[in-house]
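The residues making up each chain are set out below.
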Amino acid sequence: MTGTPIHIALTFDDNFWAPAYALMRSICLSSRRRADMVFHLLHLPLTEQHMADLGAITTEFGATLIWYNLSENAEFEHVVRDLPTSTQWPKVVYGRLLLGSLLPEHVERVIYLDCDMMVRDPIETLYDTDLAGFPLAAVRDSVDPFIMGKRDMVQNRDLFEYADPYFNSGMLLIDLVAWRAIDIRAQVTALAARGIMSRLYYDQDMLNLIFHNNWLALPWRWNTIDAHAAHEGMNPAILHYTRKAKPWGVLSGMLHSSAHARFYRHVMTNELFYRFARHRWRRWWKKLLRLN
């Protein structure tokens, strides 16, 4: 229904501001309800320039941006303090675990999206999906046996039943009323008490354990994992760039190894695309100098 807010949540830090912008812009470009978009931005501190870049979404489309600086949130800092992190998985990703408490009480439904995605179909179609009584909907992960079982499918057999479906947490359609009733924070605390955190694939494993057989499976189009060039002919709705080659990489973009890489560059805009490339190069050089 036009005029009804469509709530979408993202988590990112200052090194991922440009993909976050491209994701929001792809959502707006593929929708006829651009002014209904309400983006809940769960972030760590951002530079003024990067905040201005993101704010352009409001100027261009009339969408609403709501900012949540997680570094100023005591609950977030307490929850993530002892959770595993890495360069690829910084602590900000755990913001999605706290969507129930971070977002206002009047928000009863939200789509969570990883920022390494691009949307091609109207997001309102996904948002209006009948959840059939489930607390969330997601897409089965295409490499779920390797995530659950790791090498030789034996390491986590006591935690997961491989015959059961396992979802990718990069796209979640969440009934926040049910999510809040489950008390995700308490569930994560219970998992930590079992001493298994070092064996888990970050919060994706946590969520799959918490929502075991309690989620609605959606068609693969709504989270096209490992999106590469061959997927272009399959008409994906949401591309998920989980491969090492990313569409914002200058070389991989030129080679079109990622699905719709050229389109992605123009969604990000050429100006921001190359500014993001310089940002990544500077980070790489600083890291190299520290190693030497």
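Check the entry above for the structure.
Residues numbered from 1 in each chain as written. Predicted model: local features only at pLDDT ≥ 70, side-chain atom pairs only at ≥ 80, totals over all residues. Heavy atoms only, no water.

Chemist: Please provide a residue-by-residue account of the overall build of the protein chain, values included.
Modeler: For the protein chain, the count of helices and strands is 12 helices and 10 strands. Taken over C-alpha atoms, the radius of gyration comes to 19 Å for the protein chain, in line with the 19 Å a tight globule of 292 residues would show. The dimensions of the protein chain, computed from C-alpha atoms along their principal axes, are 55 × 50 × 45 Å. Counting only contacts in the protein chain whose residues sit at least 6 apart along the sequence, the fraction spanning at least 24 positions is 75%. Counting every atom, the protein chain has about 13,600 Å² of accessible surface; 54% of that belongs to carbon and sulfur. Charge centroids of the protein chain, computed over 31 positive and 31 negative side chains, lie 8 Å from each other. (Helix = DSSP H or I, 4+ residues; strand = E, 2+ residues; numbered from the N terminus. Rg over C-alpha atoms; globule rule 2.2 N^0.38 Å. Contact = heavy atoms within 4.5 Å. Areas by Shrake-Rupley, 256 points an atom, 1.4 Å probe, with all protein chains shown as cover. Lys, Arg positive; Asp, Glu negative; His and termini not counted. Charge placed at Lys NZ, Arg CZ, Asp CG, Glu CD.)

Chemist: Account for the packing of aromatic side chains, with residues named and values stated.
Modeler: Summed over all chains, the structure comprises 10 aromatic pairs. Ring plane angle 85° and centroid distance 5.7 Å describe the contact between Tyr241 and Tyr264, whose orientation is recorded as edge-to-face. In this pair, Tyr241 sits in the loop between strand 10 (238-240) and helix 10 (250-255) while Tyr264 sits in helix 11 (residues 261-268), placing the two residues 23 residues apart along the sequence. Like Tyr241, the residue Tyr264 is buried in the burial classification. Ring geometry for Phe273 and Tyr274: centres 5.1 Å apart, planes at 85°, overall edge-to-face. Under the relative-accessibility criterion, Phe273 is labelled buried at 3%. One Lys or Arg, Arg280, reaches over the ring of Phe276 and ends 5.1 Å from the middle of that ring. (Phe/Tyr/Trp six-rings, centres within 6.5 Å; stacked < 30°, edge-to-face > 60°. Buried < 20%, exposed > 50% of the residue type's maximum accessible area, 1.4 Å probe, protein only. Lys NZ or Arg CZ within 6 Å of the ring centre and 35° of its normal.)

Chemist: So what's going on with the sheet that holds strand 9 (residues 224-225)? Which residues, and what values?
Modeler: Taken in spatial order, the 3 strands line up as 5-10-9 in an open sheet, and their pairing is mixed. One side of each edge strand has no neighbouring strand; the edge strands of this open sheet are strand 5 (117-119) and strand 9. Looking at chain direction, strand 5 and strand 10 are connected through 3 bridges and run antiparallel. Residue pairing in the sheet places Met117 in a bridge with His240 of strand 10. (Pairing = 2+ DSSP bridges.)

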